[in-house]
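Geometric and topological summary
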Amino acid sequence: MRVHTLKRIAVAFALALPGAAIATVVAAPPAHADGCYTWNRTLAQGRSGEDVRQLQIRVAGWAAYRNIVRVDGRYGPETAAAVRRFQSAYGLRANGIAGPQTFAKLYELQDNDCTPKHFSYTELDNGCGIGGWTGGPLSASATRANALRLMWKLEALRHSLGDQPLHVNSGFRSFTCNRRVGGASDSQHLYGNAADLTSRTSSLCRIAREARSHGFSGIFGPGYPGHSNQVHVDARRENNADKSANTTTWSAARCGI
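Below is a summary of the structure that appears in this document.

So, how was this worked out
- Residues numbered from 1 in each chain as written.
- Predicted model: local features only at pLDDT ≥ 70, side-chain atom pairs only at ≥ 80, totals over all residues.
- Heavy atoms only, no water.
- Helix = DSSP H or I, 4+ residues; strand = E, 2+ residues; numbered from the N terminus.
- Pairing = 2+ DSSP bridges.
- Axes fitted to C-alpha atoms, helices over the stretch in contact; angles between N-to-C directions.
- Core = buried A, V, L, I, M, F, W, Y, C linked by side-chain atoms within 4.5 Å.
- Buried < 20%, exposed > 50% of the residue type's maximum accessible area, 1.4 Å probe, protein only.
- Contact = heavy atoms within 4.5 Å.
- Phe/Tyr/Trp six-rings, centres within 6.5 Å; stacked < 30°, edge-to-face > 60°.
- Lys NZ or Arg CZ within 6 Å of the ring centre and 35° of its normal.

A few words now on the environment of G129. With respect to the helices, strands and loops of the structure, G129 is situated in the loop between α6 (121–124) and α7 (140–160). With 44 residues separating them in the primary sequence, G129 and R173 have C-alpha atoms 9.4 Å apart.

Here is the structure:
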């Protein structure tokens with residue numbers, strides 16, 4: 001994980017300025033995200049475009065309980081509500097409008113490849129330790145795109161758990177890997193759409209309960225067969241390429257889910 005040193009120094013300097021100077025800095029165009037994506041305008045309800053879609057990917061983990069944030073490039077009430085929850089979680093003014101302060105926080109959270117700072121593609125690629133994004137039902141680029149959205153959901157979940165580490169036991173699996181580990185024939189892992197989680201600081205039940213408010217439509221944990229020592233989370237409701245209905249399915253009976 002890289003630290004954007006210059007960017008953080010600039011933010012700290014801005015916060016140290018007197019009130020009038022702060023207003024000038026905050027109103028300035030957002031700084032460039034190193035090697036990743038730059039927003040060049042304030043976003044609010046009614047806006048549309050690629051910049052909205054990029055924002056939606058990064059706030060996908062701030063969906064309401066049992067809900068999702070659709071990555072469709074249209075800034076509607078669902079996106080505005082997710083932005084408000086993101087802003088509130090990070091101590092920003094929670095107005096549902098994505099401007100310089102919101103973008104500055106996103107720049108701080110992301111690495112140069114647009115992944116969130118606490119998760120990486122290498123953690124989410126082939127679950128049998130082989131590495132790579134091929135061998136599943138989707139193209140490598142489509143699988144990576146699913147994994148990126150999933151990682152931003154994991155980042156939100158991690159923050160809600162007190163910014164304590166989450167360990168990914170298994171992410172994307174090729175067909176070969178999925179058969180080897182006995183996965184379901186149309187597992188969400190095949191699409192880069194799922195992760196199996198453990199933690200040394202949070203109980204499995206706490207992970208499963210918190211996941212309900214972070215855009216995960218598939219959750220399986222203690223009490224579900226084969227999940228006594230991990231929590232499976234996925235985005236099945238957003239997967240239009242699989243053979244399953246786009247529904248929400250949670251099961252962790254020992255956690256009251």
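Moving on: the sheet that holds strand β4 (residues 231–234). An order of β1-β2-β4-β3-β5 is seen for the five strands of this open sheet, with the pairing classed as mixed. Two strands close off the open sheet at either side, each with one partner strand: β1 (167–170) and β5 (249–251). Between one strand axis and the next, the sheet turns through 25 degrees on average, direction left out of account.

Moving on to the nonpolar core. Counting 52 residues, the largest nonpolar core has L55 and L197 as the members making the most contacts within it. Listing elements by their share of this core, those giving two or more residues are α3 (50–58), α4 (77–89), α5 (100–109), α6, α7, β2 (194–198), α9 (204–211) and β4. With eight residues, α7 is the single largest residue contributor to this core. Once residues lying within four places of it in the same chain are set aside, the contact partners of L197 are L154, L157, L166, H167, V168, N169, L204, I207, Q230, V231 and V233.

Following the criterion strictly, the structure yields nine aromatic pairs and no others. Taking the centre distance of 6.3 Å and the plane angle of 75 degrees together, the rings of W62 and Y90 count as edge-to-face. Here Y90 lies in the loop between α4 and α5 and W62 lies in the loop between α3 and α4, a separation of 28 residues in the sequence. Each member of the pair, W62 as well as Y90, is classed as buried. Ring pairs connect the aromatic residues Y37, W39, F103 and Y107, which therefore count as one cluster. One Lys or Arg, R66, reaches over the ring of W250 and ends 4.7 Å from the middle of that ring. Directly above the ring of Y121 sits R144, whose terminal nitrogen or CZ lies 3.8 Å from the centroid.

Before going further, it helps to examine unusual backbone geometry. Unusually for a residue other than glycine, R66 sits at a positive phi of about 65 degrees. Positionally, R66 belongs in the loop between α3 and α4. Residue classification places R66 among the partly exposed residues on the basis of a relative accessible area of 43%.

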